[in-house]
Amino acid sequence: MAKKQVFGEDAKSLKGSHKRMAKVIIATKNESGKFSYKETMVDQESAADFIQKNKS
């Protein structure tokens, strides 16, 4: 079965309410000298701030 598609003002309001997310991967060096990675999903507008706060 196909999804029902919404047109007009209803579609614009639904599309505007979705947040755009960004996957951010932060690399850190652990005690043994190897790198470990941490992935997080953050809001696209706050991705640059998140990276600046978590830089080593």
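Shown above is the structure to which this text applies.
What comes next concerns the included structure. As the structure is a prediction and not an experimental result, all values here were calculated from the model. (Residues numbered from 1 in each chain as written. Predicted model: local features only at pLDDT ≥ 70, side-chain atom pairs only at ≥ 80, totals over all residues. Heavy atoms only, no water.)

Bridge count for strand β1 (residues 21-29) against strand β2 (residues 35-43) is nine bridges, and the pairing is antiparallel. In the sheet register, K23 faces β2, and the bridge partner there is M41. From the end of β1 to the start of β2, which pair antiparallel, there are five residues, and G33 there has a positive phi angle of about 90°. (Pairing = 2+ DSSP bridges. Helix = DSSP H or I, 4+ residues; strand = E, 2+ residues; numbered from the N terminus.)

Right, let's talk about the nonpolar core for a bit. Nonpolar side chains in soluble globular proteins tend to end up buried together. Formed by A22, V24, I26, V42 and A47, the largest nonpolar core amounts to five residues. Residue contributions to this core peak at three residues, all from β1. Other than its neighbours up to four places away in sequence, V24 contacts K38, E39, T40, V42, A47, F50 and I51. (Core = buried A, V, L, I, M, F, W, Y, C linked by side-chain atoms within 4.5 Å. Buried < 20%, exposed > 50% of the residue type's maximum accessible area, 1.4 Å probe, protein only. Contact = heavy atoms within 4.5 Å.)

In short, the description is geometric, and any link to function would need to be established separately.
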